[in-house]
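Analysis of the macromolecular model
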Amino acid sequence: MRKHKRSFTIFMMLFMILSLIVSACSSNNGVSPNSSSSSNSSTNSPEEDSENISEIKLTKFSNEPVTLKVATPWGNDYFMSRIGNFIQEKMPHITLEHVDWDGTPEKMQELFAAQVVPDVLLAFTGQKPLEDLEMVFPLDEMLEVYGFDIDTIDPAAVAEMRARDSQDRLVGMPQEMGYLGLHYNKEIFDKFGVDYPQEDMTWDAVLDLAKRMTAEREGVKYRGLVFGDAAPLLQLSVTKTDPETGEVLLTKDPKFTKYMELMKKYYEIPGINDPEATGSFEDKTVAMSVNWHGLLTWFGGETEEEALEYQKQMDIVPLPSWPDLPNTSTVPIGIHPWVINSFSEKKEAALQFLIESVSGEYQTKMAKSGTPTVLADKEIKAHFGTELARFAGKNIGAFTKNKLAEPPARNSHWDRYVNLDMKVFTESDMNISEFLRKVEEESQMKIEDAMAQEAAK
């Protein structure tokens, strides 16, 4: 155990020891002290217990008044309007107190030093800060004790959460997901006399469309396609590094060569990388844009009326697919889960908060306002964006039409040190193998430096 972890844990133990003695805080299996029973409790006879040793007796939540501290970067007003007011209305015995947190271990240590211990956190900077401070609290057993059906959540979202943990545990409750789609502008297609993109297209077919509309018309330089994200790579379910050793995998996994070959075709389109072609999809000089589900809510005018008129000829189709992965979108993206702090004394009420955040009612409410649901329920998915005027008449179902790609078995903390910079590639005279080898070598040195720094803490 690292030195700073040991010091931090000793500090927390001293800080909480009195409350631990008085309240007999949560046991090692994660069941709250307010629970009426635990996973080991039973009203059966000894004979029945021996026959049903693995059976878990469901526990009911307590309705005793409790105050939960919830840490997010949102600020109190947005937190309350987004979820806080809903939670307090549905569970009036819970009072919520917002705690400002920037997602860093350093800020959390400051909070602890001020005797502020959040019960629930929005883990928007990943699991690593929680691991550094030994704050990870797995949910599996407690969810089972309280009878929560994890199958109500999209299995890809659950798999993504488990991929964050070295032991495949569910370390948080996903609250929302992001989606990517292929946005296109009919005005530009009409100008070039090209048919609009269709559903179920391959990347190669879309590049063919892009090639036909990357040209100059009436003094304006148009581009056929821009990538807002590395969507084709996100469809391949890969990590750039080995999560255990930090070994960079760019030259070892053929999927990276496959991705680079596609991107090479894209950058070889005449004019696609013209430094003078600086326009965007938003200003109507790009025919197609691979971008996130909220793109249309960000531009078009200062009023809804102006935006509706400006975006009248814009629409969406599902992401193109790889030929060997038809009708497959990306791995889940944009998941910032609610997690329970392992140091919380109020884990039962914290779990109520988490479960309510994925209730059908709350998820439907959020979906209608433009936040994609994490639930598997297709009816709730169909509500996405129904209250947004800018989505009216658009093919919004394109975002969720295709299945999500299965996430890697485990995400890698070391991926952040690997940058496949396409600008560097296009400006060099390297072939794909040379480029991947160069990035791999540079990234490996960065990772080794980071490992040495972490080991020294």
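Residues numbered from 1 in each chain as written. Predicted model: local features only at pLDDT ≥ 70, side-chain atom pairs only at ≥ 80, totals over all residues. Heavy atoms only, no water.

1. A few points about the sheet that holds strand S5 (residues 215–217)
As summarised here, the arrangement of the five strands in space is S5-S6-S7-S4-S8, forming an open sheet in which the pairing is mixed. One side of each edge strand has no neighbouring strand; the edge strands of this open sheet are S5 and strand S8 (314–317). The average undirected angle you get between the axes of adjacent strands in this sheet is 30°. Across four bridges, the pairing between strand S6 (residues 220–227) and strand S7 (residues 286–292) is parallel. Across the sheet, Phe-227 pairs through a bridge with Val-290, a residue of S7. Strands strand S4 (180–185), S6 and S7 of the sheet are contacted by helix H9 (residues 203–212), whose axis makes an angle of about 170° with S6. (Pairing = 2+ DSSP bridges. Helix = DSSP H or I, 4+ residues; strand = E, 2+ residues; numbered from the N terminus. Axes fitted to C-alpha atoms, helices over the stretch in contact; angles between N-to-C directions. Contact = heavy atoms within 4.5 Å.)

2. What to know about the sheet that holds strand S1 (residues 66–72)
If you walk across this open sheet you meet the four strands as S2-S1-S3-S9, and the pairing is mixed. At either end of the open sheet lies a strand with only one pairing partner, and these are strand S2 (94–100) and strand S9 (338–340). Strand after strand, the sheet turns through a mean of 25° between neighbouring axes, direction not considered. Where strand S3 (residues 120–122) lies against S9, three bridges are found, and the strand directions are antiparallel. Residue pairing for S9: Val-120 is matched across the bridge by Ile-340. Here helix H13 (residues 347–357) sits on the sheet in contact with S1, S2, S3 and S9, set at roughly 165° to S9.

3. Here's the deal with the pairing of S1
The element S1 is largely enclosed, with a buried count of five among its seven residues. Of the strand pairs in this sheet, S1 and S2 are connected by seven bridges, and their pairing is parallel. By the bridge assignment, Lys-69 is partnered in S2 with Glu-97. In this fold, S1 hands off to helix H3 (residues 76–90), which returns the chain to S2; that crossover is right-handed. For S1 and S3, the ladder comprises two bridges, and the chain directions are parallel. Among the inter-strand pairings, Val-70 is bridged to a residue of S3, identified as Val-120. (Buried < 20%, exposed > 50% of the residue type's maximum accessible area, 1.4 Å probe, protein only. Right-handed = clockwise from strand over helix to strand, strands pointing away.)

Just geometry here; none of it tells us what the structure is for.
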